[in-house]
Amino acid sequence: MVDIPILMIGKNVVVPIQTELNDIGAKKMQEDVLYKIEKTTASGLVIDVSAVSIIDSFLGRILVDTSKMAKLMGTESVIVGMKKEVVLTLIQLGLRMENLNTALNLEDGLNLLRKLQETLHGKISG
Amino acid sequence: MEKYQDSRDSGQGQSVSTTIFVASYEDVIVARQKVRELMNEMKFSLLDQTRVVTAVSELSRNIIVHAGKGEMTIIKYDESGRRGFRCIFEDKGPGIADIDLAMREGYSTTNSLGLGLSGSKKLCKNFSIQSTRGKGTRIEIAEWK
Amino acid sequence: MTFIGNEISSILSKNRNKICDSWKKQLIIQSRTLVELIGLNQVEKITQEISDSLIKAVKTINTHEHEDYKKLEKQVAELSREMSLRNITPTETAQLIFFIKDAIFPILQEDYGQNSIIADYILFINSIVDKLGLLTFQIYLESREELIKEQQRAFMDVSVPVVKVWKDIVLIPLVGMLDSSRTQLMMETMLSAIEDTQSKVAIIDISGIPIVDSLVARHLITAASAAKLMGAECLITGIRAKISQTLVQLGVDLSGIVTKTTLADGLQLALQMTEQKLI
């Protein structure tokens, strides 16, 4: 199985999913990402799904859960680059991903993270 | 069920069938790729491909989760007046006690989201399911151009 | 010529099981794809139901009270509609009917092979079955025509324009009714526009939708969540007083979506969201 690359851009963990993941691979990605957050105390997480052609209920749940888990560890996350076919399919499938942060692309994702962190920071200092 | 499927192997029918075994999560990926290839070759739109391959993913995963192993058969039809394919997912697992309940969105026996069956049905225009307790489950989807 | 319907009916009735069985066998041999597609159980059901109706119908076919024949016609029409839905070709459906002859004629041959009346019997059955076969074709054509008309109507209805009104902002002005198939097309068009232009905000303007009920609201929520999944924000504008009243009275919750009364307000907000200003 090919490992999913997990990169650091500034203080953010960036995960570009480039291969078709099976369920075990998806679980492993979740573990690896959370471990990376723990080790680096990253402030943000971006999962780039622009190369992912299928998101079914399992992978969808992994994405939502990973995001929730990261949040518990104090890390905001953003899913970026979801293809329109994938979006329409997820909607039809009935998978709800309401509380997920999303952005069009990696750049927008990183910008959104910055804003979220500023808001959070504002709350603390204000 | 009576067997009349032999006709498609005799070379006289206009359909071509392929069967793949589904016994591991890697096989789910193979099943997805097979259907994707076929749909691509038959020039289904990218949205149709995504929709159906997602359902294939759900249904072949169901085989592994509930029965351990089973098979997927793709039967392709390419003749005037009828172009498309059927996909049959069969296992000899425990079967489903209450199909209506199992088809309900959010119902799950394995702590999943419960979207496998209900979701696949929503994704596929033609969806049928037969299941006998203790004997297994057979789900068929079909896509026509 | 004296009416022979009664005699034929009793011959058929006596051989009913034989006819059904041999009809089914014909289909398995000659119409493999059909049997494969609709399943053997269904084939069995069809052959039995139609055989039974035919046996009844031939008795009274020449009288004014040919209710049984009307019933048979209705049954065949229904069958034709069902077959076309299941992607059975019209030829196959017609053949399905015609093969009953191959089941009936050998039986007549067996019992009346030496008798000259067999010619009348065969003509009699032939004319009825041929009519039924043609009926399946006619029904098929009618349903096709219906479909084409429906598609034309739908095509007129569903055209959804998308306008890129500003950098990072696309507008979808909706006019007319919003049903589920049009919602699907609207979402596809909107998502394509978002993807192509990498726009961060999509404004759906519903000023041109006459009635917004809970179903339409649900479609709008779906569209908004689709835009959100892609990573764009979705604003809905054109919520008039009447609409807002209806929605609240219906108990529809749109609180997850940003809504505005006028398109102008929506555009202003969109500019703010994308950190742009009108100069």
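Remember, predicted model here, so these are calculated numbers, not experimental data.

1. Remarks on the overall build of chain B
Next up, step 1: A tally of helices and strands in chain B yields four helices and five strands.
Next up, step 2: In chain B, the succession of helices and strands from N to C terminus is β-α-α-β-β-α-α-β-β.
Next up, step 3: Pairs at least 24 apart in sequence give 64% of the contacts found in chain B among residues at least 6 apart.

2. A closer look at the overall build of chain C
Next up, step 1: What chain C contains, in helices and strands, is eleven helices and five strands.
Next up, step 2: Relative to the compact-globule value of 19 Å for 279 residues, chain C shows a C-alpha radius of gyration of 30 Å, a clear excess of over 25%.
Next up, step 3: Taken along the three principal axes of its C-alpha coordinates, chain C extends 100 × 35 × 30 Å.
Next up, step 4: Charge centroids of chain C, computed over 29 positive and 34 negative side chains, lie 3 Å from each other.

3. Some words on the environment of arginine 86 of chain C
Residues and elements named next belong to chain C.
Next up, step 1: With respect to the helices and strands, arginine 86 occurs in the loop between helix H5 (67-85) and helix H6 (90-112).
Next up, step 2: Using a relative accessible area of 32% as the deciding quantity, one classes arginine 86 as partly exposed.
Next up, step 3: Along the chain, arginine 86 and glutamate 195 lie 109 residues apart, while their C-alpha atoms are 36 Å from each other.
Next up, step 4: Excluding its chain neighbours within four sequence positions, the residues that come into contact with arginine 86 are Leu37, Ile38 and Gln42.

4. Description of helix H2 (residues 57-72) of chain A
Next up, step 1: In a regular helix each residue adds 1.5 Å, so 16 residues correspond to 22 Å; H2 of chain A covers 22 Å between its end C-alpha atoms and thus fits that length.
Next up, step 2: Here the buried face of H2 of chain A lies against helix H1 (23-40), strand S3 (44-48), strand S4 (76-80) and helix H3 (84-93) of chain A together with helix H2 (46-67) of chain B.
Next up, step 3: Phi turns positive one or two residues past the end of H2 of chain A, at glycine 74 of chain A, with a value near 85°.

5. Focus: the interface of chain A and chain C
Next up, step 1: Contacts between the two partners involve 16 residues from chain A, matched on the other side by 18 residues from chain C.
Next up, step 2: Interface area for chain A against chain C, summed over the two sides, is near 1500 Å², with a carbon-plus-sulfur share of 61%.
Next up, step 3: Sorting the residues of chain A by area buried against chain C places Lys84, Leu88 and Leu104 of chain A first, and these three jointly supply 42% of that buried surface.
Next up, step 4: Taken together, chain A and chain C are joined by three salt bridges.
Next up, step 5: Measuring nitrogen to oxygen at the nearest pair gives 3.7 Å for the salt bridge that ties lysine 115 of chain A to glutamate 275 of chain C.
Next up, step 6: Linking chain A with chain C are four residue pairs in polar contact (both at pLDDT 80 or more).

6. Observations concerning the packing of aromatic side chains
Residues and elements named next belong to chain C.
Next up, step 1: Considering all chains together, one arrives at three aromatic pairs over all chains under this definition.
Next up, step 2: A centroid spacing of 5.4 Å and a plane angle of 85° characterise the contact between tyrosine 112 and tyrosine 121, whose relative ring orientation is edge-to-face.
Next up, step 3: Under the relative-accessibility criterion, tyrosine 121 is labelled buried at 2%.

7. Side note on unusual backbone geometry
All names here are of chain C.
Next up, step 1: Of note in this structure, glutamine 198 is not a glycine but carries a positive phi near 50°.
Next up, step 2: In this fold, glutamine 198 is placed in the loop between helix H8 (180-197) and strand S3 (201-208).
Next up, step 3: Phi angles above zero are rare outside glycine, and glutamate 275 is one such case at about 55°.
Next up, step 4: Looking at the secondary structure, you find glutamate 275 in the segment after helix H11 (263-273).

8. Examining the sheet that holds strand S5 (residues 258-260) of chain C
Residues and elements named next belong to chain C.
Next up, step 1: Read from one edge to the other, the open sheet built from five strands follows the order S1-S2-S3-S4-S5, with strand pairing classed as mixed. Two strands in the sheet have a free side with no partner beyond their single neighbour: strand S1 (163-166) and S5. Strand-to-strand twist across the sheet, computed as the mean angle between neighbouring axes with direction ignored, equals 30°.
Next up, step 2: Sheet analysis places strand S4 (residues 233-237) next to S5, joined by three bridges and oriented parallel. In the sheet register, leucine 235 faces S5, and the bridge partner there is valine 258.
Next up, step 3: Where H8 meets the sheet, its contacts fall on S1, strand S2 (169-175) and S3, and the angle it forms with S2 comes to roughly 165°.

9. Comments concerning the domain arrangement of chain C
The parts lose accessible area when they come together, and the size of an interface is often stated as this lost area.
Next up, step 1: In terms of domains, chain C is made up of domain 1 (5-156) and domain 2 (163-273).
Next up, step 2: Taking the mean C-alpha position of each, domain 1 of chain C and domain 2 of chain C sit 52 Å from one another.

10. Details of the sheet that holds strand S2 (residues 12-16) of chain A
Each strand in a sheet pairs with its neighbour through backbone hydrogen bonds, running either in the same direction (parallel) or in the opposite one (antiparallel).
Residue and element names in this part refer to chain A.
Next up, step 1: If you trace the five strands from one edge of the open sheet to the other, you get S1-S2-S3-S4-S5, paired in mixed fashion. The sheet is open, and its two borders are formed by strand S1 (7-9) and strand S5 (102-103), each paired with just one other strand.
Next up, step 2: In the packing of H1 onto the sheet, the strands contacted are S1, S2 and S3, and the crossing angle to S2 comes to about 160°.
Next up, step 3: Against the sheet, H2 engages S3 and S4, with an angle of about 170° to S3.

Cut-off values and rules
- Residues numbered from 1 in each chain as written.
- Chains lettered and ligands numbered in written order.
- Predicted model: local features only at pLDDT ≥ 70, side-chain atom pairs only at ≥ 80, totals over all residues.
- Heavy atoms only, no water.
- Helix = DSSP H or I, 4+ residues; strand = E, 2+ residues; numbered from the N terminus.
- Contact = heavy atoms within 4.5 Å.
- Rg over C-alpha atoms; globule rule 2.2 N^0.38 Å.
- Lys, Arg positive; Asp, Glu negative; His and termini not counted.
- Charge placed at Lys NZ, Arg CZ, Asp CG, Glu CD.
- Buried < 20%, exposed > 50% of the residue type's maximum accessible area, 1.4 Å probe, protein only.
- Expected span 1.5 Å × (residues − 1).
- Buried area = accessible area lost by both parts, 1.4 Å probe.
- Salt bridge = Lys/Arg side-chain N within 4 Å of Asp/Glu carboxyl O.
- Polar contact = N/O pair within 3.5 Å; in protein donor to acceptor, adjacent residues only side chain to side chain.
- Phe/Tyr/Trp six-rings, centres within 6.5 Å; stacked < 30°, edge-to-face > 60°.
- Pairing = 2+ DSSP bridges.
- Axes fitted to C-alpha atoms, helices over the stretch in contact; angles between N-to-C directions.
- Domains from an automatic or database assignment.

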